[in-house]
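Here's the letter readout for the chains.
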Amino acid sequence: MQQSSASQPQKLLLGVLLILAAAFTISVQDVVFKLFSSEMTLWQIFALRGCIAVPLLIVIGLSRGAGTSVLRAALGTWLVLRAVFITSTFLAFYAAIPFLSLSTVGAANYIAPIFVTLLSASLLREPVRILGWIGVLIGFAGVIVLLQPGTDAFSAWALLPVIGAAFYALAHIITRAKCQDVSLDAIALSQNAMMLLAGLGVSLALLGGQPQGALADAYAYIFGGWSRVSTMDWLILAVLAGFSIGIAVLLAGAYRAAPPAVIATFEYSNLVFVAAWDVLFFRVSLSGATVAGMVMIVVSGLLVLGSKAKR
């Protein structure tokens, strides 16, 4: 049934409000991770957050009378592969957070549309317009300006969110090609279960062969052992689990309410939020190169999205 013209503007507004709420929530979650990184390792955070989120998602599925079907769908091959890529995205993203500004990490992560365009052209054989290729070139130039390779301002940690963006693009391709008819509950369960397994797996591996000396001391967030969990820590982990579920719901609601090209454009508002948190919470002043790189990446994303909308 075709929607009435009166309902379409309302749904468009709803979609924009939902994506703005999602972008804001993601930025707040980034702040919590950055502040919390001095208390626990990345793997401990992922494992304990998953211990809260996964049972909660199972209870939600059971309350809707779809517990068994959701669990069966969550274990499907393509959904598991997608969860591996999404988990790799978040691990790469949050591994870099203690060592970089939120603005740099966020901007590097938003080159995902460039990778999506390249993968769509090569794997899905989707045609790419001239405008899209121009966006790809501007985006890569923006990454070079942002990361400044070959200068003293370059940090190897900045490569992690770029790698994470590539993993995110692969997950996006799988979602588009293989997961269109899968329920959101199954997607959320598969994703959070994989993050739980990643946190436990790496923690056990480090337990058997944990680095010692200067490396472990300098990068305790990555190579350190588990620390004692206080009541306040559990409250923060519960908040992070709520963020994880809430972000999934907000993103799904936004992309269902309005055209993806419109929603993805407003998703870049996350860069405004993280830049504000950098200044307010971490007293980080944005350099001219950082601002220029962020602008170029946003422009490239808008050009890529615009070329898809025209097609």
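Residues numbered from 1 in each chain as written. Predicted model: local features only at pLDDT ≥ 70, side-chain atom pairs only at ≥ 80, totals over all residues. Heavy atoms only, no water.

In contact at an axis separation of 9 Å, helix H4 (residues 77-96) and helix H5 (residues 102-109) are set at 155° when each is read in the N-to-C sense. Between H4 and H5, the angle falls in the class roughly antiparallel. Of the two elements, H4 crosses H5, and the hand of that crossing is right-handed. Contacts from Thr89, Phe93 and Ala96 of H4 reach H5 at Val105, Gly106 and Asn109. Tallied by class, residues from the contact of H4 with H5 come to 3 nonpolar, 3 polar and no charged. (Axes fitted to C-alpha atoms, helices over the stretch in contact; angles between N-to-C directions. Helix = DSSP H or I, 4+ residues; strand = E, 2+ residues; numbered from the N terminus. Parallel < 35°, antiparallel > 145°, perpendicular 65-115°, else oblique. Left-handed = near helix turned anticlockwise from the far one by under 90°. Contact = heavy atoms within 4.5 Å. Nonpolar A, V, L, I, M, F, W, Y, C, P; charged D, E, K, R; others polar.)

Ranked by size, the top nonpolar core spans 71 residues in total, and within it Phe33, Leu42, Ile45, Tyr94 and Ile111 carry the most contacts. If you look at the next biggest cluster of nonpolar residues, it comprises 6 residues, including Ala22, Leu250, Ala258 and Ile263. (Core = buried A, V, L, I, M, F, W, Y, C linked by side-chain atoms within 4.5 Å. Buried < 20%, exposed > 50% of the residue type's maximum accessible area, 1.4 Å probe, protein only.)

With that settled, consider the packing of helix H2 (residues 42-63) against helix H12 (residues 231-257). Look at H2 against H12: their axes get within 9 Å of each other, and the N-to-C directions meet at 60°. Considering their axes alone, H2 and H12 lie oblique with respect to each other. Our pair here, H2 against H12, has a crossing hand that is right-handed. Where H2 approaches H12, its residues Ile45, Leu48, Arg49, Ile52, Ala53, Leu56 and Leu57 are matched on the opposing element by Trp234, Leu237, Ala238, Leu240, Ala241, Ser244 and Ile245. Its residues assigned to classes, the contact of H2 with H12 shows 12 nonpolar, 1 polar and 1 charged.

In the predicted model, the protein carries a mean pLDDT of 81, and 90% of its residues have values of at least 70. Taken element by element, the protein is modelled with least confidence in helix H13 (residues 260-267), mean pLDDT 68, and with most confidence in H4, mean pLDDT 90. (pLDDT = per-residue confidence, 0-100.)

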